[in-house]
Each structure stands twice: as C-alpha cells, then as structure tokens.
Amino acid sequence: MNEFDALEQMLDLPMRIADQNKSRIILGNGNLEDPEPWLPHFLEQIRLTPTTDYIGFGNEEGKFVAVQRDSKKPGTYIFHNGYAHGKDAPQNRYDYRINSEDKIGDFYKTEKGYDPRTREWYKQAVEAGKPTWSPIYWSYTYKIPATTLGVPLQDETGDTQGVLAVKVSCVGMSDFLK
C-alpha cells in the first residue's frame, strides 16, 4: 500500500466511526441526559483507531459527551461531559480520568466556558449540512496539530440536532504514514 492509499484509508476511519455513532443516536441508543452509556462505545472506537484523539457528540443545546486519548499519558483516556443551562447559557466541561475498569474515575479538571457549538468543526458542519473536515489547527488541550471531522445530525425536517466529532492527530497521521 502506498502513502496515498494509507492516508485515504486512515481518513476513512473517522467517517465510519461517525456513521456508527449516528446510527446509535437514530436508533435511540444515545442519550445526552445520561452520558455514561456513551463511555464504553466511544472508548472501544478510540482504542481501535490509533490516530484518533477524540470522539464525541454535542447537541444544539450545548450538551456534549466525549472520550479523548490522553496524549500526555499513553494508554490513558479522559471522559468529557458538559451541558449548558439553556441555549445561550455559559457552561463548563467536566473531565474525568477513565479508570482501569473502563469506568468514569477520578475527577480531573473543569474547563470553564466550553461550548462545542462555538468550535469551528461544529459551526462548519452545521453550515455545510454535511460531513466536513476542519482546517488543521493547534489542539487546545494538548498543543498538537489536528483536524476534526464534524458530521451534522439532522432530524426528519432537516433541523440540526447536533454534531458528531472525530478528531485526528496530525502527529498520529505522520506516525501512521511512516
């Protein structure tokens, strides 16, 4: 397999992850009121895709759940959870380490004012109305180059309900292509 085929294959994985998660939501298996059931699903996906740093879902009310690879501590993961109290209310993101039993473990930190609706990957996917890759950016959390696939989730009338996100580390891409 040449580098171009490898890169194409690597960029296809986030789309497949997003498609699985979209099906999960459509089938009624994804509830942001109870985020804990998302943990094993996202954790399994992120472990199977070494170039993926973050898998999550945020809705139009600002609620979100995600699992992120901890690039500072290989083999460890962080669970993100947060919600706004109303469409325009400020919110916080609460981060927890995932313990050795793959459960939400110790509280890690709070990020005040986090709102997925303000992120470029979210806004671009909503504006385009279809899956969209963000430009490469400097990851806020780990200060590494990354790009995020945003996949809008729309109801039967075409109104956006939220955006699924799959972030790919450009460092991971480089390592993958070696």
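Anyway, here's the lowdown on the structure attached to this text. (Residues numbered from 1 in each chain as written. Predicted model: local features only at pLDDT ≥ 70, side-chain atom pairs only at ≥ 80, totals over all residues. Heavy atoms only, no water.)

Quick notes on the pattern of salt bridges
Considering all chains together, one arrives at nine salt bridges under this definition. The closest approach of N and O atoms between Glu61 and Lys63, which form a salt bridge, is 3.6 Å. For Lys63, a relative accessible area of 12% translates into the label buried. Because the salt bridges share partners, they merge into one network encompassing Arg93, Asp95, Glu111 and Arg119. (Salt bridge = Lys/Arg side-chain N within 4 Å of Asp/Glu carboxyl O. Buried < 20%, exposed > 50% of the residue type's maximum accessible area, 1.4 Å probe, protein only.)

Some details on the side chain of His80
Structurally, His80 can be placed in strand 3 (residues 77-84). Among the polar contacts listed, one links the side chain of His80 to the side chain of Arg93, at a separation of 3.3 Å. (Helix = DSSP H or I, 4+ residues; strand = E, 2+ residues; numbered from the N terminus. Polar contact = N/O pair within 3.5 Å; in protein donor to acceptor, adjacent residues only side chain to side chain.)

Thoughts on the packing of aromatic side chains
Two descriptors summarise a pair of aromatic rings, namely the distance from one centre to the other and the angle between the planes of the rings. For the structure on display, the rule yields five aromatic pairs. Ring geometry for Trp38 versus Phe57: centroids 6.3 Å apart, planes at 15 degrees, classification stacked. Of the two residues, Trp38 is situated in helix 2 (residues 38-48) and Phe57 in strand 1 (residues 52-59); the sequence distance between them amounts to 19 residues. Accessibility classification places Trp38 together with Phe57 in one group, the buried group. Among the aromatic residues, those joined into a ring-pair cluster are Trp38, Phe42 and Phe57. One cation-aromatic arrangement involves Arg93 over Tyr114; the distance from NZ or CZ to the ring centre is 5.1 Å. (Phe/Tyr/Trp six-rings, centres within 6.5 Å; stacked < 30°, edge-to-face > 60°. Lys NZ or Arg CZ within 6 Å of the ring centre and 35° of its normal.)

Points about the nonpolar core
Formed by 20 residues in total, the largest nonpolar core has its most connected members in Val67 and Ile98. Taken together, the elements giving at least two residues each to this core come down to helix 1 (3-26), helix 2, strand 1, strand 2 (64-69), strand 3, strand 8 (145-154) and strand 9 (160-169). Top contributing element to this core by residue count: helix 2, with five residues. Not counting residues up to four positions away in its chain, the partners in contact with Ile98 are Leu39, Leu43, Val67, Tyr77, Ile78, Phe79, Lys103 and Gly105. Counting nine residues, the second largest nonpolar core, distinct from the first, contains Phe64, Tyr114, Trp121 and Val163. (Core = buried A, V, L, I, M, F, W, Y, C linked by side-chain atoms within 4.5 Å. Contact = heavy atoms within 4.5 Å.)

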